[in-house]
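Tertiary structure, described
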Amino acid sequence: MRAIIIEDEPLSVAELRTTLAEVAPQIEVVATASSVAEAAAVIAAVGHDLIFMDIHLGDGSGFDIFERTEIAVPVIFITAYDSYALKAFENKGIDYLLKPFGREDLQRAIDKLGLLAGGGSDAAEQDSPAPTQTPVYQERFLVHMGARMKSVTTAEIAYFMADGKYLHLVTHDGKDYIVDRTLTEVGEKLPPNLFFRINRRFIVAFDAIREMIRYSGSRIKVVLHPPLAEGEETFVSTDRVPDFRKWLNR
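Residues numbered from 1 in each chain as written. Predicted model: local features only at pLDDT ≥ 70, side-chain atom pairs only at ≥ 80, totals over all residues. Heavy atoms only, no water.

**Structural notes on helix 8 (residues 241-248)**
Inspection of helix 8 places V241, F244 and W247 among the buried residues, and these make up the whole buried set. With its buried residues spanning 115° around the axis, helix 8 presents them on a single face. Taken together, the buried residues of helix 8 touch strand 13 (195-197), strand 14 (202-205), strand 15 (209-214), strand 16 (220-224) and strand 17 (234-236). (Buried < 20%, exposed > 50% of the residue type's maximum accessible area, 1.4 Å probe, protein only. Helix = DSSP H or I, 4+ residues; strand = E, 2+ residues; numbered from the N terminus. Arc of directions from axis to C-beta. Contact = heavy atoms within 4.5 Å.)

**Some words on the packing of aromatic side chains**
Each aromatic ring pair is described using two quantities: the centre-to-centre distance and the angle formed by the ring planes. Taken as a whole and assessed by the stated rule, the structure comprises 9 aromatic pairs. Considering the side-chain rings of F63 and F77, the 5.5 Å spacing of their centres and the 40° angle between planes classify their relative orientation as tilted. One end of the pair, F63, is in the loop between strand 5 (60-61) and helix 3 (65-68); the other, F77, is in strand 6 (residues 75-79), with 14 residues separating them in the sequence. Residue class for F63 comes out buried when judged on its relative accessible area of 7%. Classification of F77 as buried rests on a relative accessible area of 0%. Where F196 meets W247, the ring centres are 5.3 Å apart and the plane angle is 35°; that geometry is what we call tilted. Placement of F196 in strand 13 and of W247 in helix 8 is noted, with a sequence separation of 51 residues between them. Pair check on accessibility: F196 and W247 agree, each one buried. (Phe/Tyr/Trp six-rings, centres within 6.5 Å; stacked < 30°, edge-to-face > 60°.)

**A look at unusual backbone geometry**
Omega for the bond connecting H225 with P226 falls within 30 degrees of zero, at 5°, which places this linkage in the cis form. Turning to its location among the elements, P226 is positioned in the loop between strand 16 and strand 17.

**Points about the sheet that holds strand 16**
Pairing is antiparallel in the open sheet, where 3 strands are placed in the order 15-16-17. Each of the sheet's edge strands pairs with one partner strand only, and the pair in question is strand 15 and strand 17. Geometrically, the sheet is characterised by an average inter-axis angle of 35° between neighbouring strands, direction not taken into account. Contacts from helix 8 reach strand 15, strand 16 and strand 17 within the one sheet, and its direction differs from that of strand 15 by about 135°. (Pairing = 2+ DSSP bridges. Axes fitted to C-alpha atoms, helices over the stretch in contact; angles between N-to-C directions.)

**Topic: the pairing of strand 3 (residues 50-54)**
With respect to burial, strand 3 is a largely interior element, 5 of its 5 residues being buried. Neither face of strand 3 is open: one carries L50, F52 and D54, the other I51 and M53, and all of them are buried. As judged from the 4 bridges shared by strand 1 (residues 2-6) and strand 3, these two strands associate in the parallel manner. Of the residues in strand 3, the one forming a bridge with I5 is F52.

Written out as structure tokens, the structure reads:
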């Protein structure tokens, strides 16, 4: 099990390393980062299975990292404040440790991963394949317009667009709403036969694609409806092009 520690206090990093070695020696710390920018780069470059993340960093909030790169592993949040618990659990959080935390607190968090428990003692049960479950996708998204609320059906959605700290839900008729989620969270709730994440900023519905233009170097420009702001263009990320072609040809 490989872990990344995101923490801007060297002493806290050292204490966490020491406690981890005592509580869960099977966890190897493969990298550390002390800022939002550094963390985004490390997460994208280093293979890992778990992240320990401080919420208050020198150049911003740990939650800002989710806007800069895709996080697909469990996160154990560490902070001196208890006011971010709900948001933490909405962002891959499996536990929320308040500083200063003890050995028992860290062990409880690790136990949630099933690392120490071993997943049960019956070897036959461990070897048997898990039953296949049909994924359940979200049919509606709740959006806010000041004090008012509205439920938007998946069929109405043209695309999601990440813009700094905000995630926009744009409908086929051109309405633009703010959604209190990350692009990664939304992507997990959408039916993959109808929606595709073309890059770090956009998840698009098939019905919203009006034109595709092939460029050199396998690049693909996607023209959407409703159109983007004047002068703005969006391309399929180079590493996503093969999967995008398969998605179009399914």
